[in-house]
Amino acid sequence: MKRRILFLLILLGACLGVQAQKGLSIQKAFDELAVKKNVTEVVMGPGRLKNYNLSYFHSLEIKAPTAEEKDCIETLLKDDAAKAELHEETAEHRLYELPQHKGTHYYIFYRHSPQSLILIYIEGKASLKQIESYFRKKHN
Amino acid sequence: MKNKEFATALNSPPEGRDRGGLSYWEAMAERYFRAETTEEEEAQLCRFLCSSQAQDARFDEIRATVSFLNVSRPKSPKIRPYVKHPLRAVAVAACLCIVVLLGWYQYHQHNISSVRIAGETVEADAQQLMQQQMAEMFNP
């Protein structure tokens, strides 16, 4: 019986392990803002991201964001920025790289303009340079 | 006297006269081996074989046979339950259900590719949206 319980606990642990961005403050933004009318949410798992060497992609795009929405996300971002190893911040753009775990990188991207606000959370083995080069190459 | 009656009379010990004598039981033992004894006689024979009177080498064979058959014959037919431990079976079934659900969840998470607008899942190319959003991050 003990073995079975242990087995179940391991399975549950594995299950919880796939709960991406849990423990980050921006999770709240994904949970609460995704249901709003002007919001598009994109979620992709590792099966769809093989070509990018990524394992998880989660984004929120808010069309014509209100000041309240913008403030909400920026407040949450500040919390996560405190944990980040790499910061790139401009008035409209932010990038945070969170501490790696077992070779997996965790990134948060944020971009704001009056027309739209984009918040992206990414997990994967790809380095920031690889991601950047890939998307620049593709769309330039 | 008919043949059958004659044979019975010949094989049966004389009622009353020699009953209780060893020859009576010897004859009954022979009839037992020929499968001619009734259930009542067999019961009597068993009781006799347990008595001190029966501790004679002549009855060794019948004693061994009766003992063996009594020991090897089940007293009542045992009905083996289809499920020995119902609670254990339920626990195993529950474990299997959890494993299947977790497997399904993992598979779903691995291959997830969803686009939701205002909380409603819509048919859209998640990969294209991802590329557009990432491009905006790197190509302002």
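Residues numbered from 1 in each chain as written. Chains lettered and ligands numbered in written order. Predicted model: local features only at pLDDT ≥ 70, side-chain atom pairs only at ≥ 80, totals over all residues.

Trainee: I'd like to hear about the interface of chain A and chain B, residue by residue, with values.
Mentor: At the junction of the two partners, chain A supplies 33 residues and chain B supplies 30 residues. For the side of chain A that touches chain B, the elements supplying multiple residues, two or more each, are helix H1 (2-17), strand S1 (39-44), strand S2 (54-63), strand S5 (104-112), strand S6 (116-124) and helix H4 (128-139) of chain A. Among the elements that line the side of chain A that touches chain B, the one with the most residues is S1 of chain A, at six residues. A breakdown of the residues in the side of chain A that touches chain B according to their chemical character gives 16 nonpolar, seven polar and 10 charged. Sheet topology note: the S1 of chain A/strand S1 (residues 113-117) of chain B ladder contains five bridges and is antiparallel. (Contact = placed C-beta atoms within 7 Å. Helix = DSSP H or I, 4+ residues; strand = E, 2+ residues; numbered from the N terminus. Nonpolar A, V, L, I, M, F, W, Y, C, P; charged D, E, K, R; others polar. Pairing = 2+ DSSP bridges.)

Trainee: Describe in detail helix H5 (residues 86-110) of chain B, supporting the description with residues and values.
Mentor: Across its 25 residues, H5 of chain B extends 36 Å between first and last C-alpha, which sits within 8% of the 36 Å expected from 1.5 Å per residue. Along H5 of chain B, only zero of the 25 residues are buried, which leaves the element largely exposed. (Expected span 1.5 Å × (residues − 1). Buried ≥ 20, exposed ≤ 12 C-beta atoms within 10 Å, placed from the backbone.)

Trainee: Summarise the packing of helix H2 (residues 22-33) of chain B against helix H3 (residues 39-50) of chain B; cite the residues concerned and give the values.
Mentor: A pair of packed helices is captured by two measures, namely the crossing angle of their axes and the spacing between those axes. Residue and element names in this part refer to chain B. Between H2 and H3, the shortest axis-to-axis distance is 11 Å and the interhelical angle comes to 125°. Judged by the inter-axis angle, H2 sits oblique to H3. In the packing of H2 onto H3, the handedness of the crossing is left-handed. Residue-level inspection shows Trp-25, Met-28, Ala-29 and Tyr-32 of H2 in contact with H3, the latter providing Glu-41, Glu-42, Leu-45 and Phe-48. Of the residues contributing to the contact of H2 with H3, the split by class is six nonpolar, no polar and two charged. (Axes fitted to C-alpha atoms, helices over the stretch in contact; angles between N-to-C directions. Parallel < 35°, antiparallel > 145°, perpendicular 65-115°, else oblique. Left-handed = near helix turned anticlockwise from the far one by under 90°.)

Trainee: An account of the sheet that holds strand S3 (residues 86-89) of chain A is needed here, citing residue identities and associated values.
Mentor: Read from one edge of the open sheet, eight strands run S3(A)-S4(A)-S5(A)-S6(A)-S2(A)-S1(A)-S1(B)-S2(B), paired in antiparallel fashion. Each edge of the sheet is formed by a strand with only one pairing partner; in this case those strands are S3 of chain A together with strand S2 (120-122) of chain B. Geometrically, the sheet is characterised by an average inter-axis angle of 15° between neighbouring strands, direction not taken into account. Note: S3 of chain A against strand S4 (residues 93-101) of chain A, four bridges, orientation antiparallel. Bridging from a neighbouring strand, His-87 of chain A pairs with Tyr-96 of chain A of S4 of chain A. On top of the sheet, helix H2 (residues 26-33) of chain A reaches S1, S2, S5 and S6 of chain A; it is set at about 60° to S2 of chain A, its chief contact. In the packing of helix H6 (residues 126-138) of chain B onto the sheet, contacts are made with S1, S2, S5 and S6 of chain A together with S1 of chain B, and the angle to S1 of chain A comes to roughly 110°.

Trainee: Give me H6 of chain B: which residues, what numbers.
Mentor: Given 3.6 residues per turn, any residue in an α-helix points the same way as the ones three and four places further on. All names here are of chain B. In this model, H6 (13 residues) spans 18 Å end to end at C-alpha, consistent with the 18 Å of a helix rising 1.5 Å per residue. For H6, the set of buried residues is Met-130, Gln-133, Met-134, Met-137 and Phe-138. Around the axis of H6, the buried residues are gathered within 135° of arc, so they sit on the same side. (Arc of directions from axis to C-beta.)

Trainee: Just give me the short version of the packing of H2 of chain A against helix H3 (residues 67-81) of chain A, but keep the residues and values in it.
Mentor: Residue and element names in this part refer to chain A. In the contact formed by H2 and H3, the axes pass within 8 Å of each other and the chain directions differ by 150°. Here H2 lies roughly antiparallel to H3, going by the angle between them. Taking contact as the criterion, the partners of Ile-26, Lys-28, Ala-29 and Leu-33 in H2 are, on H3, Glu-69, Cys-72, Ile-73, Leu-76, Leu-77 and Asp-80. Looking at the contact of H2 with H3, its residues break down into seven nonpolar, no polar and three charged.

Trainee: An account of the nonpolar core is needed here, citing residue identities and associated values.
Mentor: Ile-26, Ala-29, Phe-57 and Leu-119 of chain A are the most contacted members of the largest nonpolar core, which totals 41 residues. Of the residues forming this core, the biggest block, six residues, is contributed by S6 of chain A. Phe-57 of chain A has contacts with Val-42, Met-44, Leu-49 and Ile-122 of chain A together with Met-130 of chain B, leaving out every residue within four places of it along the chain. Formed by seven residues, the second largest nonpolar core is a distinct cluster that contains Trp-25, Ala-29, Leu-49 and Ile-62 of chain B. (Core = buried A, V, L, I, M, F, W, Y, C linked by C-beta atoms within 7 Å.)

Interpretation note: all reported values are geometric properties and have no functional meaning in isolation.
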